[in-house]
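Chain and residue survey
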Amino acid sequence: MSQREPAGHQEVSERIRELTALIHHHDFRYYVLDDPEISDAAYDALFRELQSLEKQYPDLRLSDSPTLRVGGKALSQFKKIKHRVPMLSLANALTGPEFLEFDQRVHRFLDRPETDTLEYYTELKFDGLSLNLTYENGKLAHAATRGDGEAGEDVTQNVRTIRSVPLKLRTKNPPQLIEIRGEVILPIEDFEKLNRQQLDSGQKAFANPRNAAAGSLRQLDPAITASRPLTLYCYGLGYASELALKTMAEYQDQLSEWGFRVGAYRRICQGADEVLKFYREIQEKRSHLPFEIDGIVVKLNRLRDIDLAGYIARSPRGMIAFKYPPRQETTTIEDIVVQVGRTGALTPVAQVTPVRIGGATVRRATLHNQDEIDRKDIRIGDRVIIQRAGDVIPEVVKVITDVRTGKEKKFNLPKFCPVCGSAVERKPDEAAVRCVSRNCVAQLKERIRHLASLDALNIEGLGDRIVEQLVDAGLVKNYADLFTLKYDQILELEGFAEKSTQKLLEAIERAKTPDLYRLIYGLGIRHVGEKTAKSLAKCFGSIEKLIEAQESDYELIHEIGVEISKSLVQYFSDSQNLKELRSLLRFVEPKKPKNLHGETSLKLAGKTIVLTGTLPTLSRGEATRIIEENGGKTSSSVSKKTTFVLAGEEAGSKLEKAKALGVEVLSEEEFLKLTRG
Ligand code: IVH
């Protein structure tokens, strides 16, 4: 074709270029600026013209063509992508006084007198899920979810369908490589519409807009993501080649210039008082915003100050999420039911008249335990105030006793497990009543669900209903049974066809080589959450070492206190737990954890290190990471307990204090020798 019609080809090529640019422009007007210049029909006509030309001349399609936003093949699983610069998290302030404490702390970290006014940059804290976009020479190359902060899932195909994400930066001189960070959200109205559709088609409703956004983005089929009106608000950068910006405000301006959507409400504030004012103003506006926010984010405006203030436990000390209090509503308790958890704890749950709280419909609220029911005097039929905070299960704040009719019924937890009928027990020092039977199917189901869950072995497709069926059918009596399931056994279950059976078997196969921490977390040891599991994996390096460890070994790890180490000892000294774990290990072989240097280390275990001044090659963040990866922790002030001070140039009062107290001082070179050698 191109040889027969060279002139036509040239014209088509030009028209394709023109249409591509035009559609990008109109996408930007519509999806980023909310200010369209042409009608939907005119836009559709442009889009269809481009589609048809590209169909006739596929080799002329541009790599950033807007038609790439639709289509794309469904995947069987997401690949992992490592972030060039880790995605950190934020510490929280829940009240004004907590925020003021943060401001004072920041003064200390920066060695600035309390009377100095610090310059902060403030903006909305979008309640969605964070995304890392990589642009190479100005073109969108990859998009990944946050994952564990180091690496996330490759959701590039899906992110292309989000119209507010530029496929190409709006600049003639793009940086060679840049990572852009933002939050994917689903506006409240779209969330409600989606939930109505979900229920109409017999599917589960999403608990809140954030879960709906996450569920929409983590679809293996990009066509489903494309059908959900997700949007992206950008707030920061990760890796950036050749970019010389000095402040957070400049970051935002740059992002906006490149064609990203940034929050409409942002401000440079001089000192804590101006931040508090911004916080209050936004609180007033909160219920009128089209999307959910859970607070504001406050950041030191100058990037140099952020680095100087340093990092703690993967959070920059110079930034904070200043959250709003949870939202409350009034409703009625219609009934109280009892759930049996994976450790056997009986949890009373109130079924309430459905009520909307900030973008989500609440139907149940946890009552925690009998003591809480008694303390708050909660009865069936009561009018109550309930609240929902973030991802936490809604809870009852208090009963409105004034409107009691006398018909309300008191509630007591049963003396026997409602599922297996065994007697329940309450230890003197515990609030929970537990079913102590080893054969309780409710516990087994919960344990299996936990092991298979997203943050543990992540067996995709092994949802609640399937676990229920597998256990009820007697196919799964322990962890190991999951790995001996046969094709025919699964196919016979309700809702399974050949393809879904095959998919589940593949997911089980993939789960056989998890990261060590995922296995540790998946065991569901009491008090061992994901973060603790990561520390344990990093410090012990293998499941065998963890099993053999003593209580004193666990306590060497900073985040692990007495409660967790007791729980670990209890878990690993129980012969039945060990038997079940060992039989699981016949099928599952966890991967060895790696740190920066490719090995695990306890070189700085139990040691406290203070950073001060500017180091020659390492940023504060990198130095903190090396310390943590070697089992150490950082502290902001020098005391007798400090093991050593890692000092760079312009080290101020901390260095003097170290000298006065006789605390050892190391240079970066000595520090690297110590951790690498
Ligand atoms: S700055 C060190 N700015 O909140 C991390 N984060 O709790 C820097 N988030 O993972 C984050 N809105 O997903 C920042 N305006 C905003 C944000 C924001 C929402 C999320 C983000 C982050 C989480 C931290």
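Below or above, wherever it landed, is the structure these notes cover. (Residues numbered from 1 in each chain as written. Predicted model: local features only at pLDDT ≥ 70, side-chain atom pairs only at ≥ 80, totals over all residues. Heavy atoms only, no water.)

**Notes on the overall build of the protein**
Across its full length, the protein carries 24 helices and 24 strands. At 28 Å, the protein has a C-alpha radius of gyration in line with the 26 Å of a compact globule built from 677 residues. A principal-axis box enclosing the C-alpha atoms of the protein has dimensions of 85 × 70 × 60 Å. Taken over 677 residues, the protein has a buried fraction of 49%. A separation of at least 24 residues holds for 68% of the contacts in the protein among residues at least 6 apart in sequence. Surface summary for the protein: the accessible area is close to 33,500 Å², and the carbon and sulfur share equals 49%. The centroid of the 100 positive side-chain charges in the protein is displaced by 2 Å from the centroid of its 98 negative side-chain charges. (Helix = DSSP H or I, 4+ residues; strand = E, 2+ residues; numbered from the N terminus. Rg over C-alpha atoms; globule rule 2.2 N^0.38 Å. Buried < 20%, exposed > 50% of the residue type's maximum accessible area, 1.4 Å probe, protein only. Contact = heavy atoms within 4.5 Å. Areas by Shrake-Rupley, 256 points an atom, 1.4 Å probe, with all protein chains shown as cover. Lys, Arg positive; Asp, Glu negative; His and termini not counted. Charge placed at Lys NZ, Arg CZ, Asp CG, Glu CD.)

**Here's the deal with the sheet that holds strand 24 (residues 664–666)**
Taken in spatial order, the four strands line up as 22-21-23-24 in an open sheet, and their pairing is parallel. Two strands close off the open sheet at either side, each with one partner strand: strand 22 (633–635) and strand 24. Within this sheet the neighbouring strands show an average axis-to-axis angle of 35°, counted without direction. Two strands pair when backbone bridges link them, and strand 23 (residues 644–647) and strand 24 are joined in this way by three bridges, in the parallel orientation. Paired with Leu 646 across the strands is Leu 666, a residue of strand 24. (Pairing = 2+ DSSP bridges. Axes fitted to C-alpha atoms, helices over the stretch in contact; angles between N-to-C directions.)

**What about the sheet that holds strand 3 (residues 119–126)?**
A sheet is described by the order of its strands in space; here five strands give the open sequence 2-13-10-3-9, paired in mixed fashion. Only two strands of the sheet have a single neighbouring strand rather than two, namely strand 2 (92–93) and strand 9 (266–270). Alignment of strand 2 against strand 13 (residues 319–323), held across two bridges, turns out to be parallel. Of the residues in strand 13, the one forming a bridge with Ala 93 is Phe 322. Packing of helix 3 (residues 96–109) onto the sheet brings it into contact with strand 2, strand 3, strand 10 (293–300) and strand 13, and relative to strand 13 it is tilted by some 170°. Of the strands in this sheet, strand 3, strand 9, strand 10 and strand 13 touch helix 8 (residues 248–257), which is tilted by about 50° from strand 3.

**Focus: the environment of Gly 310**
Within the secondary structure, Gly 310 is located in the loop between helix 10 (303–309) and strand 11 (311–312). With near-sequence residues (within four places) excluded, Gly 310 lies in contact with Ser 315, Pro 316, Arg 317, Gly 318 and Arg 620.

**Some details on the pairing of strand 14 (residues 327–340)**
Relative to strand 17 (residues 383–388), strand 14 is paired through six bridges, and the arrangement is antiparallel. Pairing of Thr 332 across the sheet is with Arg 383, part of strand 17. Taking the residues between adjacent antiparallel strands as the criterion, strand 14 and strand 15 (residues 346–357) are bridged by five residues, where Gly 344 takes a positive phi near 90°.

**Observations regarding the side chain of Thr 532**
Note on placement: Thr 532 falls in helix 17 (residues 530–540). Here Thr 532 is in contact with His 527, Ile 560 and Ile 564, once residues within four sequence places are set aside.

**Some thoughts on the packing of aromatic side chains**
Two descriptors summarise a pair of aromatic rings, namely the distance from one centre to the other and the angle between the planes of the rings. Evaluated as defined, the whole model comprises 16 aromatic pairs. Where Tyr 571 meets Phe 572, the ring centres are 5.2 Å apart and the plane angle is 85°; that geometry is what we call edge-to-face. The rings of Phe 99, Phe 102, Tyr 120, Tyr 279, Phe 322 and Tyr 324 are connected pair by pair, giving a single aromatic cluster. Its guanidinium or amino end placed over the ring of Tyr 239, Arg 84 lies 6.0 Å from that ring's centre, counting from NZ or CZ. The ring centre of Phe 28 lies 3.8 Å from the NZ or CZ of Arg 170, which sits over that ring. (Phe/Tyr/Trp six-rings, centres within 6.5 Å; stacked < 30°, edge-to-face > 60°. Lys NZ or Arg CZ within 6 Å of the ring centre and 35° of its normal.)

**Concerning the site of the ligand**
Close contacts around the ligand come from 13 residues, with Leu 124, Phe 126, Ser 130, Glu 183 and Tyr 235 the closest. At 3.1 Å, a backbone N or O of Phe 126 approaches a nitrogen atom of the ligand. At a separation of 2.5 Å, an oxygen atom of the ligand approaches a polar side-chain atom of Glu 183. Here the shell around the ligand takes four residues from strand 3, the largest share from any one element. For the shell around the ligand, the per-class residue count stands at seven nonpolar, two polar and four charged. (Near = heavy atom within 4 Å. Polar contact = N/O pair within 3.5 Å; in protein donor to acceptor, adjacent residues only side chain to side chain. Nonpolar A, V, L, I, M, F, W, Y, C, P; charged D, E, K, R; others polar.)

**Focus: the nonpolar core**
Counting 69 residues, the largest nonpolar core has Phe 99, Leu 133 and Ile 180 as the members making the most contacts within it. Element by element, the count of residues in this core is highest for helix 9 (residues 271–285), at six residues. Not counting the four nearest positions on each side in its chain, Phe 99 is found in contact with Ala 93, Ala 272, Val 275, Leu 276, Val 298, Ile 320 and Phe 322. (Core = buried A, V, L, I, M, F, W, Y, C linked by side-chain atoms within 4.5 Å.)

**Section: the layout of surface pockets**
It is a probe the size of a water molecule, rolled over the atoms, that shows where empty space is left. Each pocket or cavity is described by its volume, and for the second largest pocket that value is around 1,300 Å³. Broken down by class, the residue content of the lining of the second largest pocket amounts to 10 nonpolar, 13 polar and 16 charged. (1 Å grid on protein atoms, 1.4 Å probe; cavity = no way out; pocket = protein on both sides within 12 Å on 5 of 7 lines; lining within 4 Å. Points joined across faces, edges and corners; volume = space filled by probe spheres on them.)

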